[in-house]
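# Per-entry structural report
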Amino acid sequence: MRKAKQAAAPISEPITDDAAKLPLRHVAIIMDGNRRWADQRGRPRFLGHKEGVATLKRLVKHVTALKLEYLTVYAFSSENWQRGRDEVDYLLQLFNEVLKHEIEELARSGSRLTFIGDLKEMPADLQTGLARATEKTK
């Protein structure tokens, strides 16, 4: 008999342990599994992507509380372009919305955003949003 996988504990309140004890300076994550999350719950996939954004927001709060120097988030890979047009459009729109709604809070928290990778395939309005976010958090 195989043991069922135990779900990871949800990220809720920021960790309050002494950040100086933490041996890490840089954490990198790959945003993966949002569609699986939705599929497993019988929910539309776009809700999985929205839940991924909510999880990322909670993670950023933890990283800030721990005073980690760097967080790298791999959020859109070249393979994502192969998804259905509706899903790709939704993801690109979601990126734009998140930037618009979260940039002020990120700037106030002292976060600095930089975007890496091949951004030239992104729609012009998203490229503008990425450039604005980079400038605003410089």
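Residues numbered from 1 in each chain as written. Predicted model: local features only at pLDDT ≥ 70, side-chain atom pairs only at ≥ 80, totals over all residues. Heavy atoms only, no water.

## Comments concerning the pattern of salt bridges
Stated formally: Any carboxyl oxygen of Asp or Glu within 4 Å of a side-chain nitrogen of Lys or Arg constitutes a salt bridge here. To sort residues, take the accessible area from a 1.4 Å probe on protein chains only and compare it with the maximum for the residue type: under 20% means buried, over 50% means exposed, and anything in between is partly exposed.
The full count for this structure, using the stated rule, is 12 salt bridges. Between R45 and D39 there is a salt bridge, and its shortest N-O distance comes to 2.9 Å. Note on D39: relative accessible area 41%, which makes it partly exposed. With a closest N to O distance of 3.2 Å, K138 and E135 form a salt bridge. Residues joined in a network through salt bridges with shared partners are R35, R83 and E87.

## As for the packing of helix α3 (residues 85-108) against helix α4 (residues 124-136)
Two measures define how a pair of helices packs: the angle their axes make with one another and the distance between the axes. Let me state the cut-off plainly: Orientation is described by lines fitted to C-alpha atoms, with helices fitted over the stretch in contact, and by angles between N-to-C directions that extend from 0 to 180 degrees. Runs of H or I in DSSP of at least four residues are treated as helices and runs of E of at least two as strands, each being numbered from the N terminus. Angle categories are assigned with fixed cut-offs, so that under 35 degrees is roughly parallel, over 145 is roughly antiparallel, 65 to 115 is roughly perpendicular, and the rest are oblique. The sense of a crossing depends on the near helix, which, turned anticlockwise from the far helix by less than a right angle, makes the crossing left-handed and, turned clockwise, makes it right-handed. Contacts were defined at the residue level, with two residues in contact if any of their heavy atoms lie within 4.5 Å. Side-chain classes are defined by residue name, with Ala, Val, Leu, Ile, Met, Phe, Trp, Tyr, Cys and Pro counting as nonpolar, Asp, Glu, Lys and Arg as charged, and the others, Gly among them, as polar.
Here α3 crosses α4 at 15°, and the two axes come no closer than 10 Å. The angle between the axes of α3 and α4 places the two elements in the roughly parallel class. Crossing geometry of α3 relative to α4 is assigned as left-handed. Every residue of α4 that contacts α3 at L92, F95, N96, L99, I103, E104 and A107 is listed here: D125, L126, G129, L130, A133 and K136. For the contact of α3 with α4, the class distribution of residues is eight nonpolar, two polar and three charged.

## Let's talk about unusual backbone geometry
The phi dihedral of K67 falls on the positive side, at around 60°, and the residue is not glycine. Tracing the chain through its elements places K67 in the loop between α2 (45-66) and β2 (70-74).

## Remarks on the packing of α2 against α3
Running from N to C, α2 and α3 cross one another at 25°; their axes reach a closest spacing of 11 Å. Here α2 lies roughly parallel to α3, going by the angle between them. You can see that α2 and α3 cross each other, and the crossing is right-handed. When α2 is examined against α3, the residues F46, H49, K50, V53, K57, V60 and K61 are found in contact with a partner set consisting of E87, Y90, L91, L94, V98, E102, E105 and L106. Per-class residue counts for the contact of α2 with α3 are eight nonpolar, one polar and six charged.

## Focus: α4
We apply this condition: By definition here, a helix of n residues has an expected span of 1.5 Å times n minus one. Here the arc refers to the directions that run from the helix axis out to each C-beta atom.
Between its terminal C-alpha atoms α4 stretches 18 Å, which fits the 18 Å expected from 13 residues at 1.5 Å a residue. Inspection of α4 places L126, G129, L130 and A133 among the buried residues, and these make up the whole buried set. In a view along the axis of α4, the buried residues occupy a sector of 100°, so they form one face of it. Facing away from the buried side of α4, by more than 90 degrees, are the exposed residues A124 and R132. Packed against the buried residues of α4 are α3.

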